[in-house]
Amino acid sequence: MRGYILKRILKSCISIFLVVSIVIAMVFTMIPRNKVLESDTSYRKLTGDTRTSFMYSKFEELGYMDYLRLNDMCTNDSDNYEACMVNGSEENLKVISTYENKGYTIEYQRNGNAFAYHEYNIFELIWHFWQRLIVIDGPNAIQDENNPDLERKIYIEKDFNGVPALQCSGCKHKYLVYLDGKFPFIHQNWISLNFGTSYPTKAGANVLDVISEGQGSQVVVDTEFPTGVVVQSAYDLHTATYKSAIDHLDENKFDDHYANCYSNYESPSMINTSYIFGLVSLVLAYALGIPAGIYMSRNKDKFGDKLGVVFINLVTAMPSLALIFFVRSIVVNFGVPDKFPLLGFKDIRSYISPTIILTLLSMPGLMTWIRRYMLDQSNSDYVKFAKAKGLSQREIFTKHILKNAIIPIVNGIPGSIILCIGGAFITESAFAIPGMGKMLPDSINKLNNNMVICLVFIFSALSIFSVLLGDLLMVIVDPRIQLSAKKGD
Amino acid sequence: MVNNPILSVKNLEVKFKVRDRVLTAIRNISLDFEEHKVVAIVGESGSGKTVFTKTFTGMLDINGEVTQGEVWFEGRNLMEIKDDKGWEEIRGKKIATVFQDPMTSLNPVRTIGYQISEVIMKHQGKSKEEAKKEALELMDKVGIKDPERRYDEYPFQYSGGMRQRIVIAIALACHPKILICDEPTTALDVTIQAQIIKLIKDLAKEYDFTTIYITHDLGVVANVADYVAVMYGGQIIEFGTVEDIFYDSRHPYTWGLLSSLPQLGLKGEELFAIRGTPPSLFEKIQGDAFAPRSNYSLKIDFLKEPPIFNVSDTHWAKTWLLDPRAPKVEPPLVIKTLHQRMLDMTKKGGVYGER
């Protein structure tokens, strides 16, 4: 069994690797990169050499190419910096030709300064993505010239809440593993994923932070800082990261260089927003859909069943957008807002109509399948035999048919739960919910390449692992399935 | 005719609604089943064997209906039971059934132990531990080795023969008065067939139940049955002891059925087959249902349904050939020499004659 799971995990990883690599290749080669800059206002204002320089350095930042200005070339490859910087000098020409020989393209600015760039090929692009993806924090992570005496150690000490935490000096993060009152209660900063920075929307922000950081206004509370100062602040001290140049404000609050903190926000992040909606409606859909499907199968062709079939057909046939507006226009009469931001996260009424709609949308499928599986099973021989045993219809359904019919449903449950974070695009846009649903289409529209790659990675990884999880869950409910891979099978 | 009947069927008629048409599957059957005896019901596919026995446990499909007749069991007419609740007192508890295919008769995702003890708990009101104890005993009785270990296994871990043993164990869990075996060995291979038949035979002695066999296999009939009922077109056309049917059969259909035994065929000779097809039960059948296929049909066979003619105390048949006015007809040669042929056959190694 363990062998099988390891094999499946390996296969899953390979699939994710292939999918994401293909997407990287597509994004970097097929999207016209000049368009990426067009929506950047600061770029549009620039002219001349600064514009060229800005463009190339942006391309380097976005991972398209390796770009070197004259002074970079001279610092790297010349012993005589001063001579090298003089255009047309012997040293200058020598350095330029070295780069030319390395395969770099040499171009000249209007002022005569040369610059070199090397465009990455597909394999380099893919390699760069994967080699920087997983970042493991360690005591040697920070190499700061201004702070050569930085202590390097990992230790366990009580944090400001008095709870033991794994802390580090010399790492990027101060707290590697810590506990707090927020779900899932144990947190880690040790291993993180780096998908690069978001651009041109939310320029400069870490891609993963954009979707996982809280939204709305900051929550400001009295916070006691390491130095003992109590200040009104939104800082989440557990997220402290290394800050090279600390000013005296920081010195006032912090007793070390770990002075960069994420803030606490009053509204959940995009992922969490989508997750709240997804999960609540999922639970509702299962809680209503499965009993409804069972009821329909038990009363096949009777009134209840026919009513259910009408419901299924109606919801399936109606375009989801029509359903959304239909439901919205009804519930508005009961004082429920038609847009999410009107009352916001704090008011329960904001959640009512999106949840109803998401539930309605996923119920018909569940009902159809469970009804169908139940009916399939009720015609089988073991049901006939169970009847001949003298079991009541009810016992046959609950003890025999249900367990068989639920197997294919169980297989899909992990997928539905995990993929809730994908958000529901149409519903979220109709209600202006700040969730994940709009992220992928938005970032594709805005040519936010790193975001697209990040989302593809997340969604493909989650899908593939939820299939694996679904299969493992089947092993628990269906005794016939065994995972021990026999030789020769 | 029969002493001490445990189950008594009177004028039973069963109709099925198929789309907009009505099919008469059972046409006016009356039959008594003698206690502790083995009755075999034989006949070709579609003759109504299974439907007939399904009425004893109220297991007819939804579109089927008993339109007429009574089935008396333990002093009550079972046909008066209208809902499943009433039937639960009979099914499994008093009249148990073993179906044809053991591969699919058991729930694939429940343990064997669960499926046996479930019945015991339901019908005898025993606790889980008591039920397990009894289930283990039953498993031992039906020949499952190491029942303790196999109790928690699933059907897929059992072979076909083992599963049929379990099905029998479940059927016997509540000490039923009658066991209906609906082609219990058809899906099993020949060596296992003999074991299962012997098992049912032995258990019948021990548990004291009456057995009703439904089978195509006349070999099985010869081996286990006390009485044989031959069914054709929704009726029992001949009934008698096994000796009556094998050595002194009177109905042309029974002759045809016995002649068709492939084991009786001689090398180089063509195998016998009854010509034609069974009658459509959608239409009203006039006269003798077998008449169009029979080589011995009389004019009256096409006009009037034959009544029951008693041949002896234990033997009757529904054919006009037994009417005193009918011309004397000799049964085919195969039938007359059946005994000799069967003896010849078993000399080469068989089970006939063991009885």
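Just so we're clear, the structure is a prediction, and the values are computed from it rather than from any experiment.

Caption draft 1: Quick look at the overall build of chain B. Tallying secondary structure elements over chain B gives 13 helices and 12 strands in all. Taken along the three principal axes of its C-alpha coordinates, chain B extends 70 × 50 × 40 Å. For chain B, the residues scored as buried account for 43% of the 355 residues in total.

Caption draft 2: Layout of the overall build of chain A. Per the secondary structure count, chain A includes 19 helices and 15 strands. Computed over the C-alpha atoms, the radius of gyration of chain A is 29 Å, more than 25% above the 23 Å expected from 2.2 N^0.38 for a compact globule of 489 residues. Based on the C-alpha atoms only, the size of chain A along its principal axes is roughly 100 × 60 × 55 Å. Burial analysis of chain A (489 residues in total) assigns 28% to the buried set. By sequence separation, contacts in chain A at least 24 residues apart represent 62% of the contacts at least 6 residues apart.

Caption draft 3: Quick look at the interface of chain A and chain B. If you look at the interface, chain A gives 18 residues, while chain B gives 24 residues. Going through the elements one at a time, α15 (381-388) and α16 (393-418) of chain A are the ones with two or more residues in the side of chain A that touches chain B. Partitioned by chemical class, the residues of the side of chain A that touches chain B number five nonpolar, six polar and seven charged.

Caption draft 4: The sheet that holds strand β6 (residues 164-169) of chain A, seen in detail. Residue and element names in this part refer to chain A. Spatial ordering of the open sheet is given by β5-β6-β7-β8, a layout of four strands whose pairing is antiparallel. Every other strand in the sheet has two partners, leaving β5 (153-158) and β8 (186-188) as the edge strands with one partner each. Across the sheet, the mean angle from the axis of one strand to that of its neighbour is 15°, orientation sign disregarded. Bridge count for strand β7 (residues 175-179) against β8 is three bridges, and the pairing is antiparallel. Looking at the pairing, V177 lines up with Q188 of β8.

Caption draft 5: Layout of the environment of I192(B). All names here are of chain B. By secondary structure assignment, the location of I192 is in helix α8 (residues 190-207). By the C-beta count within 10 Å, which is 18 here, I192 ends up partly exposed. Here I192 is in contact with G160 and G161, once residues within four sequence places are set aside.

Caption draft 6: Representation of the pairing of strand β2 (residues 105-108) of chain A in the model. Residues and elements named next belong to chain A. As paired elements, β2 and strand β3 (residues 114-119) share four bridges and run antiparallel to each other. Looking at the pairing, E107 lines up with F115 of β3. Taking the residues between adjacent antiparallel strands as the criterion, β2 and β3 are bridged by five residues, where G112 takes a positive phi near 95°.

Caption draft 7: Layout of the confidence of the model for chain B. Per-residue confidence for chain B gives a mean pLDDT of 88, with 96% of residues at or over 70. Scored by ipTM, the complex comes to 0.86, with pTM at 0.79.

Caption draft 8: Representation of the sheet that holds strand β1 (residues 65-68) of chain A. Residues and elements named next belong to chain A. Ordered in space as β1-β3-β2, the three strands form an open sheet in which the pairing is antiparallel. The sheet is open, and its two borders are formed by β1 and β2, each paired with just one other strand. Sheet twist, expressed as the mean angle between neighbouring strand axes with direction ignored, is 25°. Strand contacts of helix α4 (residues 48-61): β1 and β3, with the helix running at about 140° to β1, the strand carrying the most contacts.

Caption draft 9: Layout of the pairing of β3(A). In this sheet, β3(A) lies alongside β1(A) in antiparallel orientation, the contact comprising four bridges. Following the sheet pairing, M65(A) is matched in β3(A) by E119(A).

Caption draft 10: The domain arrangement of chain B, seen in detail. Residue and element names in this part refer to chain B. For chain B, the assigned domains read domain 1 (1-69 + 178-355) and domain 2 (95-175). Put simply, the middle of domain 1 and the middle of domain 2, counted by C-alpha atoms, are 31 Å apart. With 19 residues of domain 1 in contact, the opposing surface of domain 2 contributes 19 residues. At the level of secondary structure, the elements contributing two or more residues to the side of domain 1 that touches domain 2 comprise β7 (178-182) and α8.

Caption draft 11: Spatial organisation of the domain arrangement of chain A. You can read the domains of chain A as domain 1 (32-125), domain 2 (138-189 + 220-263) and domain 3 (270-437). The centre of domain 1 of chain A, based on its C-alpha atoms, is set 57 Å off from the matching centre of domain 3 of chain A.

Caption draft 12: Broad picture of the nonpolar core. Counting 149 residues, the largest nonpolar core has Y213(B) and V230(B) as the members making the most contacts within it. Each residue touching V230(B), except ones within four places of it in the same chain, is listed here: V42(B), G43(B), I236(B), I237(B), E238(B), I245(B), H251(B), Y253(B), T254(B) and L257(B). Within the second largest apolar cluster, 15 residues are counted, among which are C168(A), A240(A), F254(A) and C261(A).

Caption draft 13: Local environment of the packing of helix α1 (residues 2-30) of chain A against helix α8 (residues 122-133) of chain A. Residues and elements named next belong to chain A. Running from N to C, α1 and α8 point in directions that differ by 120°, and their axes come no closer than 9 Å. Relative to α8, the element α1 lies oblique. Between α1 and α8 the crossing geometry is right-handed. Residue-level inspection shows S21, I24, A25, F28 and T29 of α1 in contact with α8, the latter providing I122, L125, I126 and F129.

Caption draft 14: Expanded view of the environment of L358(A). All names here are of chain A. Here L358 is to be found in helix α14 (residues 349-378). When the C-alpha positions of L358 and F277 are compared, they lie 8.0 Å apart, and in sequence the two are 81 residues distant. Those residues within four positions of L358 in sequence are excluded, and the remaining contacts are F277, S281, A424 and T427.

Caption draft 15: Just unusual backbone geometry, in detail. Residue and element names in this part refer to chain A. Between Y199 and the following residue, P200, the backbone shows a cis peptide bond with an omega angle of 5°. Position of P200 among the secondary structure elements: in the loop between β9 (191-193) and α9 (207-212). One non-glycine residue, A432, adopts positive backbone phi at about 55°. In this fold, A432 is placed in the loop between α17 (425-431) and α18 (439-445).

Cut-offs applied
Residues numbered from 1 in each chain as written. Chains lettered and ligands numbered in written order. Predicted model: local features only at pLDDT ≥ 70, side-chain atom pairs only at ≥ 80, totals over all residues. Helix = DSSP H or I, 4+ residues; strand = E, 2+ residues; numbered from the N terminus. Buried ≥ 20, exposed ≤ 12 C-beta atoms within 10 Å, placed from the backbone. Rg over C-alpha atoms; globule rule 2.2 N^0.38 Å. Contact = placed C-beta atoms within 7 Å. Nonpolar A, V, L, I, M, F, W, Y, C, P; charged D, E, K, R; others polar. Pairing = 2+ DSSP bridges. Axes fitted to C-alpha atoms, helices over the stretch in contact; angles between N-to-C directions. pLDDT = per-residue confidence, 0-100. Domains from an automatic or database assignment. Core = buried A, V, L, I, M, F, W, Y, C linked by C-beta atoms within 7 Å. Parallel < 35°, antiparallel > 145°, perpendicular 65-115°, else oblique. Left-handed = near helix turned anticlockwise from the far one by under 90°.

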